[in-house]
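Working through the structure, step by step
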Amino acid sequence: MGMLKEMFGEGDENFSAPEGEFLAKGKYESNADQILKGYKVFQKKYVVKSLIPKLLLAALAIASSIMMIISDPGAKMPIFCLMIALSVTVYFISQPITNSKNLRKGLDSISGTEYEAEFYTDKIKISTVNFQSDIVEVEKAEEAAETAEKQQSEQTEADIAIYGEKPAEEIPATIIHLEQPIVDLLDKDDMFILVVNKSYVFIIPKSAFTEDEVQKIREKLSIIMGIRFKL
């Protein structure tokens, strides 16, 4: 719960978020295959792109260390620098792989859990069905961004990433404010992928809504969110 408090902040039982224009509400069950499909899209769009410049810097450090070793074979510092550069490179590559493995391990705990997603012009609310007692807010973009950078890992399906493997009845509702610049919404053929600060991922299947509702969400939020609404 510590990371949750830092990243989102918890409201009390009497908290009520200001209402924007209601767009749509739908129910859906957590599906492992769909979550993995959405997570792969997230990794390709966000994780891989951020990994490329890191690997380029690591490759430059490795090349520089090798050149120093060649020019001064007896020096210990270049060898030490090479070991550090190699370790950092392995870490950069292994981190996404580890996150994916952890996700797969946690999927069984939420498989079949029923959720309800509510779309408004100013926010999206995601909650487990018949559980409305806690509300979590995404607020203060700068503080959220700083906290997420410290975490240095992608998360997915808030119930796994934030709470770990907890029973569905312990998972509170989550509200994501769309005006925050750290929030992106990816509109894919069969799902919406909600991304907070390129770290927290929420997979919402379009099958939970009618075609008219999906179109309404697309038309309204593409205007409101601008480039943060990604087709």
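Everything below is about the structure shown above.
Residues numbered from 1 in each chain as written. Predicted model: local features only at pLDDT ≥ 70, side-chain atom pairs only at ≥ 80, totals over all residues. Heavy atoms only, no water.

1. Focus on helix H6 (residues 211-225)
With 15 residues, H6 should cover 21 Å at 1.5 Å per step; its first-to-last C-alpha distance of 21 Å lies within 8% of that length. Within H6 the residues assigned to the buried category are Val-214, Ile-217, Leu-221 and Met-225. One face of H6 carries all of its buried residues, which in axial projection span an arc of 60°. Residues Glu-211, Asp-212 and Ile-223 are exposed on H6 and point more than 90 degrees away from its buried face. Against strand E1 (22-29), strand E2 (114-120), strand E6 (183-187), strand E7 (191-196) and strand E9 (229-230) lie the buried residues of H6. Immediately downstream of H6, the backbone of Gly-226 shows phi near 65°, a positive value. (Helix = DSSP H or I, 4+ residues; strand = E, 2+ residues; numbered from the N terminus. Expected span 1.5 Å × (residues − 1). Buried < 20%, exposed > 50% of the residue type's maximum accessible area, 1.4 Å probe, protein only. Arc of directions from axis to C-beta. Contact = heavy atoms within 4.5 Å.)

2. Some remarks on helix H2 (residues 32-71)
At Gln-43, H2 is deflected by roughly 40°, the largest bend along its length. For H2, the side-chain oxygen to backbone nitrogen distance between the N-cap and Asp-33 is 3.1 Å, and the N-cap itself is Asn-31. (Bend = angle between axes of the 7 residues up to and from the residue. Polar contact = N/O pair within 3.5 Å; in protein donor to acceptor, adjacent residues only side chain to side chain.)

3. Remarks on the sheet that holds strand E8 (residues 200-205)
Spatially, E8-E7-E6-E9 is the arrangement adopted by the four strands of the open sheet, whose pairing is mixed. The open sheet has two edge strands with one neighbour each: E8 and E9. Set on the sheet, H2 makes contact with E6, E7, E8 and E9; between it and E7 the angle comes to about 50°. Its contacts with the sheet put H6 on E6, E7 and E9, and the angle it makes with E6 is roughly 140°. (Pairing = 2+ DSSP bridges. Axes fitted to C-alpha atoms, helices over the stretch in contact; angles between N-to-C directions.)

4. Notes on the nonpolar core
Of all hydrophobic cores here, the largest spans 41 residues; its most connected members are Phe-119, Leu-185, Ile-204 and Leu-221. Apart from residues no more than four positions distant in its own chain, Ile-204 is found in contact with Tyr-28, Ala-117, Phe-119, Ile-124, Ile-126, Met-191, Phe-192 and Phe-209. (Core = buried A, V, L, I, M, F, W, Y, C linked by side-chain atoms within 4.5 Å.)

5. Describing the pattern of salt bridges
Counting across every chain of the model gives five salt bridges. The closest approach of N and O atoms between Glu-21 and Lys-220, which form a salt bridge, is 3.4 Å. Of this pair, Glu-21 sits in the loop between helix H1 (2-7) and E1 while Lys-220 is found in helix H6, placing the two residues 199 residues apart along the sequence. In this structure Glu-21 comes out as partly exposed when scored by relative accessible area, which is 37%. Note on Lys-220: relative accessible area 33%, which makes it partly exposed. Members of the salt-bridge network, linked through shared partners, are Asp-187, Lys-206 and Arg-218. (Salt bridge = Lys/Arg side-chain N within 4 Å of Asp/Glu carboxyl O.)

6. Quick notes on the packing of H2 against helix H3 (residues 77-110)
Between two packed helices, what matters for the description is the angle formed by their axes and the separation of those axes. At a minimum axis distance of 7 Å, the contact between H2 and H3 shows a crossing angle of 170°. Classified by the angle between their axes, H2 and H3 sit roughly antiparallel to one another. In the contact of H2 with H3, the residues fall into 25 nonpolar, five polar and three charged. (Parallel < 35°, antiparallel > 145°, perpendicular 65-115°, else oblique. Nonpolar A, V, L, I, M, F, W, Y, C, P; charged D, E, K, R; others polar.)

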